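Here's the letter readout for the chains.
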Amino acid sequence: EVVVTAQKRSEDLQKASLAVDVVQSDELAGAGIRNAIDLQDIVPAVRYVAADQMTVQIRGLGTINNNPGVDSAVGYAEDGVYLTHPSALTPVLFDLRRVEVLLGPQGTLYGRNTNAGVMSFVSNDPSTDTLGGHVRVGGGNYSAFNSEAAINLPLNGAWALRLAGATERHDGYVDDGTNDLDSWAARAKLLFVPSASWSIKLTVNGGRRGSIGQGYGGHCPPGNVAPFCAGVPWRPWSGFSPPPAGMVNRYKLYGGSLGIN
């Protein structure tokens, strides 16, 4: 049985009255999924396209433009919180219970900018019952190293704390140093369950993505569908694209949420 919360309630996936692809935590770990772009390798409906930065399409529908004044047609949600821009998603995916990809439109339950669908990331919650955790590390060529760790701490009968973090880094795949990565992310969740009918959860997270940029040989990146782009040198600075001289592609994000059920 696969339980999903795509319709804002817990239900069996086989009985849910919507089209949804679900990737469980063990599948994410087994496939080596470290960021959102990797999901296109295991979710048939999802495809990332290189525009001003990597933008997502579901069943071929989406907005291939992520300039500040243009909203994506695919919405992101992290633990039920709508993210206004793909960059607000943590740069490393870690300690996830599952990822739900909902085929659009989903405006009734998820609001604006979900005409093409929603990518919902659900992380593990604290548990008041069990002390436990896990550690994972990996490595490869180009000095690649990634790590993930999480621990669940029951503080007493009504309180629990879960701490988790992850890193991902590798050297540049191109001689000029581009296509490198140096990212980290962390999350803390504090759960208070005063009674069987009440729960309060505080979540704080943060992360950083660092890179010189993405190298495409001075031409439009693969997958760009703009006709005027073919064969034209193209080196803007935005998202996953190469930065101008003297600048690096780095951003930090921090956030928090409070849920009362």
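Details of the structure are given in the entry above.
My aim in this report is to walk through the structure given alongside it, one point at a time. None of these values were measured; they are calculated from a predicted model.

Before going further, it helps to spend a moment on the overall build of the protein chain. Per the secondary structure count, the protein chain includes two helices and 15 strands. Considering the protein chain as a whole, with its 261 residues, one finds that 43% of them fall into the buried category. If you take every contact in the protein chain between residues at least 6 apart in sequence, the share linking residues at least 24 apart comes to 57%. In the form shown here, the protein chain has an accessible surface area of approximately 13200 Å², with 55% of it arising from carbon and sulfur atoms.

So, on to unusual backbone geometry. For the peptide bond that leads from Gly 104 to Pro 105, omega is 0 degrees, which places it in the cis range. Here Pro 105 is to be found in the loop between strand E8 (96-103) and helix H2 (107-110). For Tyr 142, which is not a glycine, the phi torsion comes out positive at approximately 55 degrees. Summarising the element assignment, Tyr 142 is placed in the loop between strand E10 (132-140) and strand E11 (144-154). The class of Tyr 142 is partly exposed, set by a relative accessible area of 41%.

So, about the side chain of Arg 34. Structurally, the position occupied by Arg 34 is in the loop between helix H1 (25-30) and strand E4 (46-50). Here Arg 34 falls in the buried class, since its relative accessible area comes to 11%. Separated by 3.1 Å, the side chain of Arg 34 and the backbone oxygen of Ser 147 make a polar contact. A distance of 2.8 Å separates a polar atom in the side chain of Arg 34 from the backbone oxygen of Thr 167. Setting aside residues no more than four positions away along its own chain, Arg 34 makes contact with Pro 91, Val 92, Leu 93, Asn 146, Ser 147, Glu 148, Ala 166, Thr 167 and Glu 168.

Sheet architecture is open: six strands sit in the order E10-E11-E12-E13-E14-E15, paired in antiparallel fashion. Two strands close off the open sheet at either side, each with one partner strand: E10 and strand E15 (249-260). Averaged over all adjacent pairs, the angle separating strand axes in this sheet is 5 degrees, with direction ignored. Pairing of strand E13 (residues 181-195) with strand E14 (residues 198-211), which is carried by 12 bridges, proceeds in the antiparallel orientation. Counterpart to Phe 192 in the pairing with E14 is Ile 200.

To continue, consider the pattern of salt bridges. Side-chain pairing between opposite charges can occur once the charged atoms of the two side chains come close. Across all of its chains, the model carries 10 salt bridges by this definition. With a shortest N-O distance of 3.2 Å, Asp 171 and Arg 169 are connected by a salt bridge. Classification of Asp 171 as partly exposed rests on a relative accessible area of 32%. Within this structure, Asp 79, Arg 97, Asp 125, Lys 189 and Lys 201 form a network of salt bridges that share partners.

Let's shift gears to the pairing of E10. For a regular strand, side chains alternate in direction, first toward one face of the sheet and then toward the other. Pairing between E10 and E11: nine bridges, direction antiparallel. From the neighbouring strand, Gly 133 faces E11, where its bridge partner is Ile 151.

Once that is clear, we can look at the nonpolar core. The biggest cluster of nonpolar side chains holds 25 residues, and the ones touching the most others in it are Tyr 48, Tyr 76, Met 119 and Phe 121. Contributing elements (two or more residues each) for this core: E4, strand E5 (54-58), strand E6 (74-78), E8 and strand E9 (117-123). With four residues, the top contributor of residues to this core is E8. If you look at the next biggest cluster of nonpolar residues, it comprises nine residues, including Ala 6, Leu 18, Val 22 and Val 118.

What counts, and at which threshold
- Along each chain, residues carry numbers from 1 onward, in the same order as the chain's sequence is written.
- Local features in this predicted model are restricted to residues whose pLDDT is 70 or higher, and side-chain atom pairs enter the listing and the counts only when it is 80 or higher, whereas totals over whole chains, interfaces and linings include all residues.
- Heavy atoms from the whole structure form the basis of all side-chain values; hydrogens and water molecules are not counted.
- Only runs of H or I of at least four residues qualify as helices and only runs of E of at least two qualify as strands under DSSP, and these elements are numbered from the N terminus.
- Any residue under 20% of the maximum accessible area for its type is buried, any over 50% is exposed, and the rest in between are partly exposed; the area is computed with a 1.4 Å probe on protein chains only.
- Contacts between residues were defined by any pair of non-hydrogen atoms, one from each residue, lying within 4.5 Å.
- Only the protein chains shown count as cover for residues, with accessible areas throughout obtained via the Shrake-Rupley method and a probe of 1.4 Å.
- N or O atoms within 3.5 Å of each other form a polar contact, as long as, within protein, one can give a hydrogen and the other can take it, and as long as residues adjacent in sequence are counted only when both atoms are side-chain atoms.
- A pair of strands is treated as paired once DSSP finds two or more bridges between them.
- Fitting a line to C-alpha atoms yields each axis, with helices limited to the stretch in contact; the angle taken between N-to-C directions then spans 0 to 180 degrees.
- Salt bridges are defined as contacts in which a side-chain nitrogen from Lys or Arg sits within 4 Å of a carboxyl oxygen from Asp or Glu.
- Each nonpolar core is a collection of buried residues, namely Ala, Val, Leu, Ile, Met, Phe, Trp, Tyr and Cys, held together in the definition by side-chain atoms within 4.5 Å.

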